[in-house]
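Reading the structure
The residues making up each chain are set out below.
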Amino acid sequence: MKLLLALLGALAFAALPLVTSSNYIIGVGISALIFTVAAAALNLVYGFTGLLSFAQLGFWGIGGYATTLTVMTFGGNFWLGVVYAALLNAALALVIGYPILRTNRHAFVISTLTFALLVALIARDWVTLTRGPLGIPNIPRPQAFGFAFETTPSFYWVAWAFSVATIGFLYALCSSRIGRTLIAIKQNEPLVRAQGISPMPYKLASFAIGAAITGAAGGVFAFHLRVIDPGFLDFYYMQTFLIIVIIGGAGSFWGVIAAGIALSALPEALRFSADFRMIIYGVILVAAMFVMPTGVAGWLRERKIARMRQALQ
Amino acid sequence: MTALLSVSDLRKAYSGVHALDSVSFEVAAGSITGLIGPNGSGKSTAIDCISGFQKLDGGKVVLAGTDITGKPAHLIARAGLMRTFQTVRIYERLSLRDNLAIAAQQFDQATWIDEFFRTRRYRDAVEQSEQRAAELVDLIGLRKYYEIETGILSYGQKKLVALAAALMPHPRIVVLDEPVAGVNPSRIREIEVALQQLNRAGETFLIVEHNVEFITNLCHQVIVLEQGRKLTEGTAAAIHTDARVLEAYLGMTPEMAEAEMRGAA
């Protein structure tokens, strides 16, 4: 049922460039698809495994720069760049995850935040590689088999295919025994250990897969913007991913996907007031948390449990 | 009967205080063994050290001929020792079905590749796990809650879920940390019957418990700890009349205990 809905939703989304010729709306659609993927990756790490990771922002930025540099500096193509971005991020996540996943919850959060800030610093200050604040403009559109995805609608298909593939992969992962084990680790780690499961490999894998997908999403997004500068590591992106996960309902796969699509339009809608955007965002988040502390999916789930409880009495 | 679990010279100190001071005991295969003692006597420390949840300072723990001393908790579980916790631990936001399925999943041969392709190995593993879950759910009388999140259950029911989860993978030995503490007295008898039934089917238990009546009814062998040392051990009946135990544990003289027994009868 849910899968059928998801399939219909994906097809409906594929049809967007057919129903509108507005490059602006299609551009918002591209952002929505990519932000949803990044949010789904954060949901794997935070919602399922219970690791509040701000490092996603760093992975996003590394992915953006890695993909861009693959094309602009190292003479590779876009597709290879996205793969490199994913692999580089997965490797980095394993290296930093191995020590910091051994620390407590708070230290983990601070470490990941520090990592994100560090990546932003490198993007700004390693001028010979990233051109620093000047950024890298004129990123070309990707090509495949002689076809250039030159127009916004044609690039939309690239973003669409990328989203469907990654979200499909994440769904297969989250709905498997591995996904169930991640939820178990989040809920009660000592019990998981008492049941013969070592939590560390699961946490590390979740962190690395989340990093790889976030990085690939960052790479696709850089080719959507066609320019990358240290603003790519603005905290605004992290905030967007986190808000999508929290409002959708951390740990609910489809809740977060739905929220991703719905809320990605919001920053665009709020663009009219760059000064107040953050404040409006904050107000929306706090208000949503008052009404639905466990997100939309959590709210629906509580209704369902209440019904079951009543049925038993 | 042979020793399934053999603990020798177990030592553990917290900043100089001896929580366990050279404790040795054995649990015979197929038995129900009780571990009792007043608060702070080292019962919980002992089972935490045995199950790998605390590092021990010295001693040796052997399970069915395998040395499991100081191994990490998940490897001890895989060796066949499953435990429950004093403050009940279950996955409160998962259904009873998922709680039981997770408890068994590490013990089958199916990998994620098997799962992805739904191989025979995966399907067999799931079927076996569901069969076992169905047996246990009937045993603990929670069949109608099978599909429901365990968070809504009562405290006593949650303890039963924890017990069922520990039994899921057919462990060699189940260590229960205060299985009836905080449980409605009317349900204690049910738990007793269930444990006896499982024991007759061959399951070995080591039970830490405060409820003396529960231990006396159930256990073949009882070990008494006091201040980190083994005070004595013997059959339940012998322990119940042991003067030292009564004094240390119940704060009673044998005469008082006899009077209480007469009163109860």
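A few words on the overall build of chain A. Helix and strand counts for chain A come out as 15 helices and 2 strands. Computed over the C-alpha atoms, the radius of gyration of chain A is 20 Å, within 12% of the 20 Å expected from 2.2 N^0.38 for a compact globule of 313 residues. Along the first, second and third principal axes, the C-alpha atoms of chain A reach 65 × 45 × 40 Å. By residue count, 45% of the 313 residues in chain A fall in the buried class. Contacts spanning at least 24 positions in sequence make up 77% of the contacts within chain A whose residues lie at least 6 apart.

Across its full length, chain B holds 11 helices and 10 strands. Along the first, second and third principal axes, the C-alpha set of chain B runs to 65 × 40 × 35 Å. Of all 265 residues assigned to chain B, the portion counted as buried reaches 42%. Taking as baseline every contact in chain B between residues at least 6 positions apart, the subset at least 24 positions apart corresponds to 65%.

Now for the interface of chain B and chain A. It is common to give the size of an interface as the accessible area lost on bringing the parts into contact. Each partner contributes residues to the interface: chain B has 25 residues there, and chain A has 21 residues. At the level of elements, α2 (73-78), β6 (81-83), α3 (96-105) and α4 (112-116) of chain B are the ones that each hand at least two residues to the side of chain B that touches chain A.

Another point: the confidence of the model for chain B. All names here are of chain B. Across chain B, the average pLDDT comes to 87, with 92% of residues at or above 70. The least confident element of chain B is helix α11 (residues 254-264), whose mean pLDDT is 59; the most confident is β6, at 96. Across the whole predicted complex the pTM is 0.89, and at the interface the ipTM reaches 0.89.

With that settled, the discussion passes to the sheet that holds strand β5 (residues 66-67) of chain B. Each strand in a sheet pairs with its neighbour through backbone hydrogen bonds, running either in the same direction (parallel) or in the opposite one (antiparallel). Residues and elements named next belong to chain B. Pairing in this open sheet of 4 strands is antiparallel, and the strands run β2-β1-β4-β5 from one edge to the other. Because the sheet does not close on itself, it has two edges, and the strands there are β2 (17-28) and β5. Sheet topology note: the strand β1 (residues 3-14)/β2 ladder contains 8 bridges and is antiparallel. Considered in β2, the bridge of Ser6 is made with Glu26.

Low pLDDT means the predicted coordinates in that region are not meant to be read closely. Scored by pLDDT, chain A comes out at a mean of 89, with 97% of its residues at no less than 70. Helix α11 (residues 199-225) of chain A holds the highest mean pLDDT among the elements of chain A, 96, whereas helix α14 (residues 277-291) of chain A holds the lowest, 77.

Another point: the environment of Val245 of chain B. Locating Val245 of chain B in the fold gives a position in helix α10 (residues 243-250). Excluding its chain neighbours within four sequence positions, the residues that come into contact with Val245 of chain B are Val224, Leu231, Thr232 and Ile239 of chain B.

Another aspect to go through is the nonpolar core. By size, the foremost hydrophobic cluster in this structure holds 162 residues, and its most contacted members are Ile34, Ala38, Phe241, Ile244 and Val245 of chain A together with Leu100 and Ala164 of chain B. Sorting elements by how many residues they give to this core places helix α3 (residues 23-48) of chain A first, with 16 residues. In contact with Ala164 of chain B, other than residues within four places in its own chain, are Leu100, Leu136, Val137 and Ile140 of chain B.

Bringing helix α1 (residues 43-50) of chain B into the picture now. Burial of α1 of chain B is extensive: 8 of the 8 residues sit out of reach of the surface. Looking one or two places after α1 of chain B, you find Gly52 of chain B, whose phi comes out positive at around 85°.

Reading the values: the criteria
- Residues numbered from 1 in each chain as written.
- Chains lettered and ligands numbered in written order.
- Predicted model: local features only at pLDDT ≥ 70, side-chain atom pairs only at ≥ 80, totals over all residues.
- Helix = DSSP H or I, 4+ residues; strand = E, 2+ residues; numbered from the N terminus.
- Rg over C-alpha atoms; globule rule 2.2 N^0.38 Å.
- Buried ≥ 20, exposed ≤ 12 C-beta atoms within 10 Å, placed from the backbone.
- Contact = placed C-beta atoms within 7 Å.
- pLDDT = per-residue confidence, 0-100.
- Pairing = 2+ DSSP bridges.
- Core = buried A, V, L, I, M, F, W, Y, C linked by C-beta atoms within 7 Å.

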